[in-house]
Amino acid sequence: MAKMTYREAVRDAMREAMRADPRVFLMGEDVGKYGGAFAVSHGLLEEFGPTRIRDTPLSESTFVGAGIGAALGGMRPIVEVMTINFSLLALDQIVNNAATLRHMSGGQFGVPLLVRMATGGGRQLAAQHSHSLEGWYAHIPGIKVVTPATVADARGLLLAALKQADPVMMFEHATLYPLEGESEDGTIMEIGRAALRRRGKDVSLIAYGGALGKTERAAAQLAQLGIDAEVIDLRSLRPLDTEMILASVTRTHRAVIVEEAWKTGGFAAEVCARIMEGAFDALDAPVARVCGAEVPMPYAQALEQAALPQPESIVKAVQGLF
Amino acid sequence: MAKMTYREAVRDAMREAMRADPRVFLMGEDVGKYGGAFAVSHGLLEEFGPTRIRDTPLSESTFVGAGIGAALGGMRPIVEVMTINFSLLALDQIVNNAATLRHMSGGQFGVPLLVRMATGGGRQLAAQHSHSLEGWYAHIPGIKVVTPATVADARGLLLAALKQADPVMMFEHATLYPLEGESEDGTIMEIGRAALRRRGKDVSLIAYGGALGKTERAAAQLAQLGIDAEVIDLRSLRPLDTEMILASVTRTHRAVIVEEAWKTGGFAAEVCARIMEGAFDALDAPVARVCGAEVPMPYAQALEQAALPQPESIVKAVQGLF
Amino acid sequence: MSIHKTAAACVNGREHGLSLLRQMLLIRRFEEKSAEIYSAGKIRGFLHLYIGEEAIAVGAMQALSAGDAVVATYREHGQALARGVPAGRIMAEMYGKANGCSRGRGGSMHLFDAERRFFGGYAIVAGGLPIAVGLALADKLQGRLTVTACFFGEGAVAEGEFHESLNLAALWRLPLLFLCENNLYAMGTALARSESQTDIHLKAQSYNIAAEAVDGMDVLAVESAAQRAAAQVRRGDGPYFLELRTYRYRAHSMSDPELYRSKEEVAQWRGRDPLALFEAYLRGRNMLDDADMKTLEADAANDVEWAVAEAERGGWEPVADLERDVYGSVAA
Amino acid sequence: MSIHKTAAACVNGREHGLSLLRQMLLIRRFEEKSAEIYSAGKIRGFLHLYIGEEAIAVGAMQALSAGDAVVATYREHGQALARGVPAGRIMAEMYGKANGCSRGRGGSMHLFDAERRFFGGYAIVAGGLPIAVGLALADKLQGRLTVTACFFGEGAVAEGEFHESLNLAALWRLPLLFLCENNLYAMGTALARSESQTDIHLKAQSYNIAAEAVDGMDVLAVESAAQRAAAQVRRGDGPYFLELRTYRYRAHSMSDPELYRSKEEVAQWRGRDPLALFEAYLRGRNMLDDADMKTLEADAANDVEWAVAEAERGGWEPVADLERDVYGSVAA
Ligand SMILES: Cc1ncc(C[n+]2csc(CCOP(=O)(O)OP(=O)(O)O)c2C)c(N)n1
Ligand SMILES: Cc1ncc(C[n+]2csc(CCOP(=O)(O)OP(=O)(O)O)c2C)c(N)n1
Ligand SMILES: [Mg+2]
Ligand SMILES: [Mg+2]
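Residues numbered from 1 in each chain as written. Chains lettered and ligands numbered in written order. Predicted model: local features only at pLDDT ≥ 70, side-chain atom pairs only at ≥ 80, totals over all residues. Heavy atoms only, no water.

**Overview of the overall build of chain A**
Line of reasoning, step 1. Secondary structure assignment for chain A yields 13 helices and 14 strands.
Line of reasoning, step 2. With respect to the principal axes defined by its C-alpha atoms, chain A has extents near 60 × 45 × 40 Å.
Line of reasoning, step 3. Split into buried and exposed, the 322 residues of chain A put 75% on the buried side. (Helix = DSSP H or I, 4+ residues; strand = E, 2+ residues; numbered from the N terminus. Buried < 20%, exposed > 50% of the residue type's maximum accessible area, 1.4 Å probe, protein only.)

**Some details on the domain arrangement of chain A**
Residue and element names in this part refer to chain A.
Line of reasoning, step 1. According to the domain assignment, chain A contains domain 1 (2–183) and domain 2 (195–319).
Line of reasoning, step 2. Between the C-alpha centres of domain 1 and domain 2 there is a distance of 26 Å.
Line of reasoning, step 3. At the junction of the two partners, domain 1 supplies 30 residues and domain 2 supplies 24 residues.
Line of reasoning, step 4. One can count 2 salt bridges joining domain 1 with domain 2. (Domains from an automatic or database assignment. Contact = heavy atoms within 4.5 Å. Salt bridge = Lys/Arg side-chain N within 4 Å of Asp/Glu carboxyl O.)

**Some details on unusual backbone geometry**
Line of reasoning, step 1. In this structure, the amide linkage connecting Arg238(A) to the following residue, Pro239(A), adopts the cis form with an omega of -5 degrees.
Line of reasoning, step 2. Its place among the elements puts Pro239(A) in the loop between strand E12 (236–238) and helix H10 (242–252).
Line of reasoning, step 3. Even without glycine at this site, Arg117(C) takes up a positive phi of about 50 degrees.
Line of reasoning, step 4. In this fold, Arg117(C) is placed in the loop between helix H4 (87–95) and strand E2 (118–122).
Line of reasoning, step 5. For Asp325(C), which is not glycine, the phi dihedral falls at a positive 60 degrees.
Line of reasoning, step 6. Mapped onto the elements of the fold, Asp325(C) is located in the segment after helix H11 (290–313).

**Looking at the site of ligand 1**
Line of reasoning, step 1. Taken together, 21 residues sit near ligand 1, with Glu60(A), Tyr74(C), Arg75(C), Ala123(C) and Asn183(C) positioned nearest.
Line of reasoning, step 2. Neighbouring residues of ligand 1 are distributed over chains A and C.
Line of reasoning, step 3. The contact in question runs from a nitrogen atom of ligand 1 to an N or O atom on the backbone of Ala123(C), over 2.8 Å.
Line of reasoning, step 4. Residue Tyr185(C) places a main-chain N or O atom 2.9 Å away from an oxygen atom belonging to ligand 1.
Line of reasoning, step 5. Here the shell around ligand 1 is built from residues that sort into 12 nonpolar, 4 polar and 5 charged. (Near = heavy atom within 4 Å. Polar contact = N/O pair within 3.5 Å; in protein donor to acceptor, adjacent residues only side chain to side chain. Nonpolar A, V, L, I, M, F, W, Y, C, P; charged D, E, K, R; others polar.)

**Concerning the nonpolar core**
Line of reasoning, step 1. Phe241(C) and Phe241(D) are the most contacted members of the largest nonpolar core, which totals 370 residues.
Line of reasoning, step 2. If near-sequence neighbours (up to four positions away) are discounted, Phe241(C) is found in contact with Phe152(C), Phe162(C), Leu166(C), Phe178(C), Cys180(C), Ile200(C), His201(C), Ala204(C), Ile209(C), Ala210(C), Ala211(C) and Glu212(C). (Core = buried A, V, L, I, M, F, W, Y, C linked by side-chain atoms within 4.5 Å.)

**Looking at the coordination of the magnesium ion (ligand 4)**
All names here are of chain D.
Line of reasoning, step 1. Ligation of the magnesium ion (ligand 4) by protein atoms is provided by Glu-154 (OE), Asn-183 (OD1) and Tyr-185 (O), these donors lying 2.0 to 2.2 Å from the ion.
Line of reasoning, step 2. Read N to C, the donor residues that coordinate the magnesium ion (ligand 4) are spaced as E-x28-N-x1-Y. For the pair shown, Asn-183 and Tyr-185 are each scored as buried. (Donors = N, O, S within 2.8 Å, 3.2 Å for Na, K, Ca; no water.)

**With respect to the site of ligand 2**
Line of reasoning, step 1. Looking at ligand 2, there are 21 residues lining it, with Glu60(B), Tyr74(D), Arg75(D), Gly155(D) and Asn183(D) nearest.
Line of reasoning, step 2. In this structure ligand 2 sits where residues from chains B and D come together.
Line of reasoning, step 3. Side-chain polar atom of Arg75(D) to an oxygen atom of ligand 2: 2.8 Å apart, as the coordinates give it.
Line of reasoning, step 4. Relative to its unbound accessible surface of 580 Å², ligand 2 loses 96% to contact with the protein.
Line of reasoning, step 5. Broken down by class, the residue content of the shell around ligand 2 amounts to 12 nonpolar, 4 polar and 5 charged. (Areas by Shrake-Rupley, 256 points an atom, 1.4 Å probe, with all protein chains shown as cover.)

**With respect to the interface of chain A and chain D**
Line of reasoning, step 1. With 45 residues of chain A at the contact, the number on the chain D side is 41 residues.
Line of reasoning, step 2. Where chain A abuts chain D, roughly 3400 Å² becomes buried across the two surfaces, and 63% of that area is made up of carbon and sulfur atoms.
Line of reasoning, step 3. Per-residue buried area on chain A facing chain D is highest for Thr62(A), His103(A) and Met104(A); these three make up 18% of the total on that side.
Line of reasoning, step 4. Where chain A touches chain D, the interface holds 0 salt bridges.
Line of reasoning, step 5. Of all the secondary-structure elements, those providing two or more residues to the side of chain A that touches chain D are strand E2 (24–28), strand E3 (53–55), helix H3 (60–72), helix H5 (91–98) and helix H6 (101–104) of chain A. (Buried area = accessible area lost by both parts, 1.4 Å probe.)

**Overview of the side chain of Arg15(B)**
Residue and element names in this part refer to chain B.
Line of reasoning, step 1. You can see Arg-15 is positioned in helix H1 (residues 6–20).
Line of reasoning, step 2. Among the polar contacts listed, one links the side chain of Arg-15 to the side chain of Glu-47, at a separation of 3.2 Å.
Line of reasoning, step 3. If we skip the residues at most four places from it in the chain, Arg-15 touches Leu-44, Glu-47 and Phe-48.

**Points about the interface of chain B and chain A**
Line of reasoning, step 1. Residue-level contacts link 47 residues of chain B with 47 residues of chain A.
Line of reasoning, step 2. Across the chain B to chain A interface the summed buried area is about 4400 Å²; carbon plus sulfur atoms make up 66%.
Line of reasoning, step 3. At the junction of chain B with chain A, the criterion picks out 6 salt bridges.
Line of reasoning, step 4. Across the pair Glu294(B) and Arg238(A) runs a salt bridge whose closest N-O atoms are separated by 2.6 Å.
Line of reasoning, step 5. Taken together, the links from chain B to chain A amount to 18 residue pairs in polar contact (both at pLDDT 80 or more).
Line of reasoning, step 6. The set of elements that each furnish at least two residues to the side of chain B that touches chain A consists of helix H5 (91–98), helix H6 (101–104), strand E13 (255–262) and helix H11 (267–279) of chain B.
Line of reasoning, step 7. No other element matches the 8 residues that H11(B) contributes to the side of chain B that touches chain A.

**Structural notes on the sheet that holds strand E9 (residues 195–198) of chain A**
Residues and elements named next belong to chain A.
Line of reasoning, step 1. Here 5 strands make up an open sheet; going across it, the order is E9-E11-E10-E13-E14 and the pairing mixed. Only two strands of the sheet have a single neighbouring strand rather than two, namely E9 and strand E14 (288–292). Across this sheet, the average inter-strand angle for adjacent strands is 25 degrees, counted without regard to direction.
Line of reasoning, step 2. Inspection of the sheet shows E9 paired to strand E11 (residues 229–233) by 3 bridges, in the antiparallel sense. Bridging from a neighbouring strand, Arg-198 pairs with Val-231 of E11. (Pairing = 2+ DSSP bridges. Axes fitted to C-alpha atoms, helices over the stretch in contact; angles between N-to-C directions.)

So, in structure tokens, the structure goes:
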């Protein structure tokens, strides 16, 4: 157990993995000399040198594809894509190659690759740097998607990702990097298990990544109002811990899903559909979604905050269920 | 009214638009000399010449981006991307530019662009040519998404798309091209209106694009079994005709959504969530989804067919609701 | 690396010389002020300063007329100012105010001005190039003798869209002026660590595009190269590519600790400051004296002050209008 | 277009000559049979024939050894056969049978063979190049003196990934052999309508990659160029690029009406048929007579017959196994 930031936890986990396994290396734009766009890899170049901390030219499609190839070739690459919006440039490689190779080859090849990137809004970076598209990645069979929301998970899920036989996408909400918390050593986490962050009996609040903190604040406010909310942190979107979700809703009979992504076609809809399919009879009210507004992220602070889920909007949605 | 194929209807609509408006032109890979990968543009080069029927090099990101730029510059481009899997190469331009420019510029610029492409499986083209990602596009505020399932809609929605002030993505399920039907002249369709393809009182079957035919066949089988199914063809995923969906479910009290895409995170989940939010009290059973199996599309015929929704699986899902 | 040698360019009269210096000075003072305001927390998000590169925007813009189009990056205050976007509207945009040139929706990285055919402000590296290709295509299809000027950094050269765009522009002989601002770094990545061929104009030539490298610290060299290039583009001879060699004095953005380059290197480039060089040039030709300089500085200070005042004065866009301008109305 | 001129390559003994011819013949007969079976409806989906281009796969593969890696496109029967993937497993794959080299999951466009380091079968044009870059990187990082041979068509050259991959390979000096099969068409698009620079090897050189153009109809020219190139790659001198000039005799795929080229053009290229040329070469050197030819043809016919039999004999993958091989088990 050590106190550190989310940023440090990601860095430490990478360091630990690189020390333990010579096949692990990191590549991406400015991960080396610059120290990482979010300073996540700061200091790693000094320890591991430019062969294992590889700065790449601006060419997302090819350095992600090269990660796939290197994984096929026996390495365990970690590829950092600075920001989720840029990952669209590499989506062909991820969807058409990384996710398909095992199946297309009849099981002969696998792609043990970890792709990490920052996601989400809240820093006034406007419409080309602020979106939350991790739900798209969760749509793709053949890959796994993790979304650590805590310091311990940042470390634990990264290390777990490096044990997978298949590509894992890890989404780090950019506002979480300075978050402080305890990092746990020891046991490797299992990908696909949600975490119960707060026990409650009146309503299940389901969130992940950057939305977790706001959801926990909403739960605290709800407690003041006499509503005892349970908070589930999904941690992994694919595989999704449907079991824990259904168990919770079956106890509370009400659910609100909180996600920063645009509502229409977001991952919140999937969670809603799973509850519909698995716990319909337990529901005392329709499942509600609190999501991002359907607008390219505006720059101005007040507009951006209005476009994002907030504790207040979560509280309001919960109240609407009673 | 004229009898023609879906392929001809798309072609005719483009021809009509190009005759009427000198700003309209078509570009994409092999739309000219080759006659179109699916022969959709066959013959247009002869009528309009290579300036307006422009073959492009293999460079999806740039010719789609060039379509955005040409739209900004006063043209009304139609860009053909052969197949939805290739459109991933252009997704950055669509999400980060086409969809954002109006908002980012505070309303100064708009992008009246039509991007058309083939989508879907069923032709044994395996894991890099067969997916259904139109639900992803429907997630993006700033663009509209149409999915014609009939000959009349192929024509009508294309012409309607060319009247929009904003980017429209049109998804043509590749198995529909040889479909025969009546094409209607005259009034321009409104984008965002679903179509009631069959009236019924027992269950609402909701589908679009390539899944519509199978859903209608399922409805016919259900009739034999004494279940009177209503069939809704969404036609447009964004905007979505929530009103018609809710009205139908309110009458039938049961719903099944049919979509070829992978189930997790597919657009069917969105429809399910909307019903949850808008017609929860009317539901006598949980809304069910019949979707594609969670697997990169396999080549072998039996496997591919097993991976796709079929009338039988739809019937079974409906029966499960009673 | 060698720079294409032409006879040194001369300034076209005192008035013009002063105008060039005035514009460069405005950019510099405007950005110095922006940095200050950023530190005070009134400008947020990312702020990428152009200081050191002013000669490029100002020099190149001389070759464009009102009907031409401009496409730029996230480091585009200089281009916007040189194109004539009012400083106040730019500053207001960076504040996120409703009187900003993008109504507060875009911020520093996404400046737009339809009236001046300033098509933005693209923050996905190389993402503006295909847009510029399309604008040039639209002009060509409509028989307009206009130029689309597309600015981008040398970091963009590694991206696939650079390649695709150069090929398409050359193949279709589009009226496009590529302006590559080679400031030697893409964030912390030095050119030699991102390109196997570091002579960018040679890369451009490999597409059969007329290309040359220009001293981007010399506003007159930039101006004359841009004029020559734009003239050729207007003749319908296809695209032209200028590699403009320059340096950014400041960090990549306000959060960059600058671990990747030495103070000495920065100091050396500051020794070739485009404003100082041009000031000396004008003084050497007796076109500028201390009094002029004082006036110019006062004008710039005044313009910046007004810009800040306009930004301060502006109102906030109401939150109720959040979803405005996502879709337009159905067109005819 | 000019082809790099070296002294004409000579065959390395009769046995080797016959082996080259045998392999080319196998590819040709195998594909002729595949076309027939496709028409009969037993092979489905897309089928892209390599007929006319056999000298490339066969010639190039001579330079590779077992530890090397191969990355190919959707037009890869030739490469797979020349690499030694058993014909029966390829045919079974095209039938979609469980004994296919991809268990019926891949089909004609996605052949794989881990044992032979045949890494597929990529049907997104240029999509295999980044994979090849990564394989070469893995070799370099692991200190292996292997070559990754990456085949692709000239149509791929326009894609951004081509550019990014060449740059990265050159910059990192990766052990990669680029093999561009320039058959002059990408579907219906002639090279001159897709590239502003049609001399592909010159494009490659602009990345500071050693590159040359080779007569792709001459199996010995391909073989010797590939051997020279592979040797340089193995020395750690970075990537090498061969532009192999060839022609596909058949339609792009089985559904292509071939509106874009003339019968005369096709006939002209058939006049330089790689099999006929090499047969004449061997006969001219008294290394081949009618009896040999008859044996070779009989062998090829026999191999194809066996392949078909194996495919026919194969079973279908049970539908219950549909979701198999989407994920592996958690690795150590
Ligand atoms: C596609 C993409 N990848 C990464 C980034 C992050 N990024 C922003 S600016 C930049 C460097 C660009 O350098 P250059 O093109 O030389 O322009 P400069 O900043 O030097 O003006 C990077 C890597 C981005 N915005 N877009
Ligand atoms: C990214 C992408 N765009 C379009 C296609 C459709 N397509 C398949 S093959 C092909 C032509 C490729 O030509 P070339 O690279 O020269 O290879 P050849 O077929 O001549 O061997 C096209 C356009 C595709 N598969 N991938
Ligand atoms: Mg730069
Ligand atoms: Mg070709």
